[in-house]
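A closer look at the structure
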Amino acid sequence: MSIEVKNLSFCYNRGTSLEKHAIDNISFSIGKGEFVLIGGEVGSGKSTLARHLNGLLRPQSGSVTIDGKAAGSRKVRSKAGLLMQYPQKQLFGRTVYEDVAFAPSNFGFKGKELDEHVMYALGLAGLDGSVASLSPFSLSGGQMRLVALAGVLSMKPDYLILDEPASGLDPDNRVLLIGTLEKLHRSGISIVVISHQLSELLSLAEKIIILKSGRIEFVGSVPEYLRSAPFTLPEITSLMKELNLAGINVGDDIYSVDDAFSEIIRFFGSPEARLDE
Ligand SMILES: Nc1ncnc2c1ncn2[C@@H]1O[C@H](COP(=O)(O)OP(=O)(O)OP(=O)(O)O)[C@@H](O)[C@H]1O
Ligand SMILES: [Mg+2]
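What this report covers is the structure whose coordinates are included nearby. (Residues numbered from 1 in each chain as written. Chains lettered and ligands numbered in written order. Predicted model: local features only at pLDDT ≥ 70, side-chain atom pairs only at ≥ 80, totals over all residues. Heavy atoms only, no water.)

1. Some points on the overall build of the protein chain
For the protein chain, the count of helices and strands is nine helices and ten strands. For 277 residues, the compact-globule estimate of 2.2 N^0.38 gives 19 Å, and the protein chain sits close to it at 21 Å. Seen through its principal axes, the protein chain has C-alpha atoms that stretch 65 × 50 × 35 Å. Evaluated residue by residue, the protein chain yields a buried proportion of 47% over its 277 residues. Distance between charge centroids for the protein chain: 11 Å, based on 28 positive and 32 negative side chains. (Helix = DSSP H or I, 4+ residues; strand = E, 2+ residues; numbered from the N terminus. Rg over C-alpha atoms; globule rule 2.2 N^0.38 Å. Buried < 20%, exposed > 50% of the residue type's maximum accessible area, 1.4 Å probe, protein only. Lys, Arg positive; Asp, Glu negative; His and termini not counted. Charge placed at Lys NZ, Arg CZ, Asp CG, Glu CD.)

2. Regarding the pairing of strand E6 (residues 80–83)
Burial along E6 is two-sided: Ala-80 and Leu-82 and Gly-81 and Leu-83, pointing in opposite directions, are all buried. Pairing of E6 with strand E7 (residues 159–163) involves four bridges; the strand directions are parallel. Within E7, the position partnered with Leu-82 by the bridge is Ile-161. (Pairing = 2+ DSSP bridges.)

3. A few points about helix H8 (residues 257–268)
In this model H8 runs 16 Å from its N-terminal to its C-terminal C-alpha over twelve residues, within 8% of the 16 Å that 1.5 Å per residue would give. Gly-269 occupies a position one or two residues after H8 and carries a positive phi of about 85°. (Expected span 1.5 Å × (residues − 1).)

4. Description of the site of ligand 1
Lining the immediate environment of ligand 1, one finds 14 residues, of which Gly-43, Lys-46, Ser-47, Thr-48 and Gln-85 sit closest. In this structure, Ser-44 approaches ligand 1 through a main-chain N or O atom, which is 3.1 Å from an oxygen atom. Considering ligand 1 on its own, with 630 Å² of exposed area, one finds that the protein chains cover 67% of that surface. At the level of elements, strand E2 (20–31) and helix H1 (46–53) are the ones that each hand at least two residues to the shell around ligand 1. Counting residues per element, the shell around ligand 1 draws most heavily on H1, which supplies three residues. (Near = heavy atom within 4 Å. Polar contact = N/O pair within 3.5 Å; in protein donor to acceptor, adjacent residues only side chain to side chain. Areas by Shrake-Rupley, 256 points an atom, 1.4 Å probe, with all protein chains shown as cover.)

Right under this line is the structure:
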């Protein structure tokens, strides 16, 4: 069970003077339950790739398969959900409720069951049920993004692809989004996040892919990425490395404050335990 991308290439405006090779012979896979981060400079082909992963764009050459079937084909259409970079593009309902209910109602849910699906998806995306009756277009950019996320989550996809999901969110909603992604990942969903800010997701990522001019510049684990890239380390990782240099023997492959906290407590012992001594 996986998404397999094989020798994928895609060119906009093929055969015209505006021809643009956006994806150039890319191959990689996304395993069941894997958490993959995709980075790369502006215009490197990330969004074009994302649109292939859920079958919104069909390969011009090469292939993209989801659990063995062509991405976008009827049998796998609901398996991969894409949160687009510009959420306005995927909102269409007169109300938030109508928007989020679209997929589950297509699956045949009605009445109370449909309400439950919508409220579940809104809650998971961090939105209060009171927004359900509002027009999605009356909301802020960050809230619109969360409504679009709820719409994607309401399909209960096996593969969740998010194109710059944190852009426009305030710090509280960013933390909530990362918590939701962590929860979804723990429940066995494969997650692909496209982001300019890789550092805040390094603690969750199992694989990193960096695109450059439509090609794969790097693919590997987080430690391999941090070793290979001319990359500024996350501040918390730098701190853990400094502690090591000072003779405090804590793990230095730490990318989040929570993990650093646990590691420091492991080294020094918890304050409660020390008070008991
Ligand atoms: N609809 C389109 N028509 C023509 N060219 C396009 C179109 N969409 C994207 N491109 C071009 O294809 C290349 C890849 O674009 P894409 O949006 O996939 O990059 P990206 O890595 O997502 O960029 P960003 O970091 O700005 O989101 C860019 O050079 C872009 O200008
Ligand atoms: Mg993009």
